[in-house]
Amino acid sequence: MALTNAKEFIEKFSNTPSCLQWYRWHIQPFDYAYPDYFPIRPGWLEACAQMEKAYPGHFVHMPYINGRAVASHSELWTKNKELVNKHTTGGHERYGVTDFAVMCPATEFWQNLMVDLTARIFRETKCDGLYVDQLGADTPALRCTRDGHGHTPGDPGSPVRGYRAMLQKMRAEAKKINPDAFLTTEFFSEPLVGLCDGFLTWGSKELSLTAYVYGEYAVLFGHGRTAPIDEQYTRMDCAMVADEFVAGAALGWMMTQDPNPHAYIKKLAPLRAKVASYLRLPMVKPIAGTQTDHFWTSLRKGDNGEAVVIATNPQTNDTLTETYELDCQAAGLKPGKYRLKAITMDGEKDLGPQDVSGDAFKFQVRLEPFEAAVYILEPLPGLK
Ligand SMILES: [Zn+2]
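Residues numbered from 1 in each chain as written. Predicted model: local features only at pLDDT ≥ 70, side-chain atom pairs only at ≥ 80, totals over all residues.

### Observations concerning the packing of helix H8 (residues 234–247) against helix H9 (residues 259–274)
Remark: H8 packs on H9, axes separated minimally by 9 Å, with the N-to-C direction vectors making an angle of 15 degrees. Between H8 and H9, the angle falls in the class roughly parallel. Between H8 and H9 lies a crossing of right-handed hand. Along its contact with H8, which presents Thr-234, Asp-237, Cys-238, Val-241 and Phe-245, the element H9 presents Asn-260, Pro-261, Tyr-264, Ile-265, Leu-268 and Arg-272. The class makeup of the residues in the contact of H8 with H9 is seven nonpolar, two polar and two charged. (Axes fitted to C-alpha atoms, helices over the stretch in contact; angles between N-to-C directions. Helix = DSSP H or I, 4+ residues; strand = E, 2+ residues; numbered from the N terminus. Parallel < 35°, antiparallel > 145°, perpendicular 65-115°, else oblique. Left-handed = near helix turned anticlockwise from the far one by under 90°. Contact = placed C-beta atoms within 7 Å. Nonpolar A, V, L, I, M, F, W, Y, C, P; charged D, E, K, R; others polar.)

Next up, the structure:
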């Protein structure tokens, strides 16, 4: 969620391991002077250090940069516009009060500038990861038609190849400073999987479908929200949290001050940490195919013949009791003896031996408001 007050966030989410995406870690306004990010905002490093001291290992810090554009208020633009122009794609954009030149990622000029910036940020801020805005959101329609950039003018593949080469160098440089360094970008982008560790999915039309195909390969975070910040949208906001949870995406990154989704995230996060390995298992079908009217669920398949159902109740007031019908064929379940167990916010519970036969295995799910559970149906020894 958007934060204006780190202290308030820590008070609310001190039980919740979090990745903090810092937009204002430097002194420039948002969308104003890229690629000028230094000096660091006075007091920011000290605030991060205090958070680390109070909650060791609890927070991961990820500063923001833009990986694609040079702003008209930057020193680079105002002092050497000719140099900027030589390396743009020819594209120009405007956000707020600032004009932006879209840089060609195939040029050594832009690649080297981003690599040097990455190294400086990891070195001077001691951050864990770096969010590189707009790379996944770029589109081949904005391909570069310029000469002398090391690609054929107008080559539709040049943006992707340029960003891939740039990210490879940025990763290598970052990992020299922090072996666990990670990079993320805006919007999911298939060609950047493996070079970005995470994708901000606020522009994704269908988070669950992206998670179904790519959830094992990258961290997905964020949910698109265009509605006003208003309490009447509680139901929608809570459904987004549920969608993130069952998709295995990180919780949060949604623009709402509504206390209900905040409370829901706070309640889900410790369970999410506990069942993380189950959330990385492959989904056997997109969430829409296994969702009931009220619960949000996803069905996953374990390495040893288990079927795993992730379920949560996003209702603010109603406890839900329903029969869940597990699709045996989709989950690859053979007829025979299994054991059902549930991992909940209160611990692990053995629900006893079960007979599986036919097309569906049915079991009762009862979840209180904002509660969640992971049901694991595992074959008993002897089942072949
Ligand atoms: Zn170019």
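### A closer look at the domain arrangement of the protein
What the domain assignment reports for the protein is domain 1 (6–200) and domain 2 (287–379). Spacing between the C-alpha centres of domain 1 and domain 2 amounts to 41 Å. (Domains from an automatic or database assignment.)

### Re the sheet that holds strand E5 (residues 98–103)
Read from one edge of the open sheet, three strands run E3-E5-E4, paired in antiparallel fashion. In this open sheet, the two edge strands, each paired with only one partner strand, are strand E3 (69–71) and strand E4 (88–95). Within this sheet the neighbouring strands show an average axis-to-axis angle of 30 degrees, counted without direction. Here five bridges tie E4 to E5, and the two strands are oriented antiparallel to one another. The residue bridging Thr-88 from the neighbouring strand is Met-103, located in E5. (Pairing = 2+ DSSP bridges.)

### Some details on helix H5 (residues 108–125)
Taking 1.5 Å of rise per residue, 18 residues should cover 26 Å, and H5 covers 25 Å from first to last C-alpha, within 8% of that figure. Those residues of H5 not exposed but buried are Trp-110, Gln-111, Met-114, Val-115, Leu-117, Thr-118, Ile-121, Phe-122 and Thr-125. The arc that holds the buried residues of H5, viewed along the axis, is 165 degrees, so those residues lie on one side. Contacts made by the buried residues of H5 are with helix H2 (44–54), strand E2 (59–66), E5, strand E6 (129–133) and helix H6 (158–177). One or two steps after H5, the chain reaches Lys-126, where phi turns positive at roughly 55 degrees. (Expected span 1.5 Å × (residues − 1). Buried ≥ 20, exposed ≤ 12 C-beta atoms within 10 Å, placed from the backbone. Arc of directions from axis to C-beta.)

### Thoughts on the sheet that holds E2
Note on sheets: strands pair through backbone hydrogen bonds, and any given pair is parallel or antiparallel. Strand order in the open sheet formed by six strands is E1-E2-E6-E7-E8-E9, and the pairing between neighbours is parallel. Where the open sheet ends on each side, the last strands, each with one partner, are strand E1 (18–22) and strand E9 (219–221). Here the strands of the sheet are splayed against their neighbours by 25 degrees on average, with no regard to which way each runs.

### Quick notes on the nonpolar core
In this structure, Leu-220 and Val-241 are the most contacted members of the largest nonpolar core, which totals 89 residues. The leading source of residues in this core is H8, at seven residues. Setting aside residues no more than four positions away along its own chain, Val-241 makes contact with Leu-251, Pro-261, Tyr-264, Ile-265, Leu-268 and Pro-314. (Core = buried A, V, L, I, M, F, W, Y, C linked by C-beta atoms within 7 Å.)

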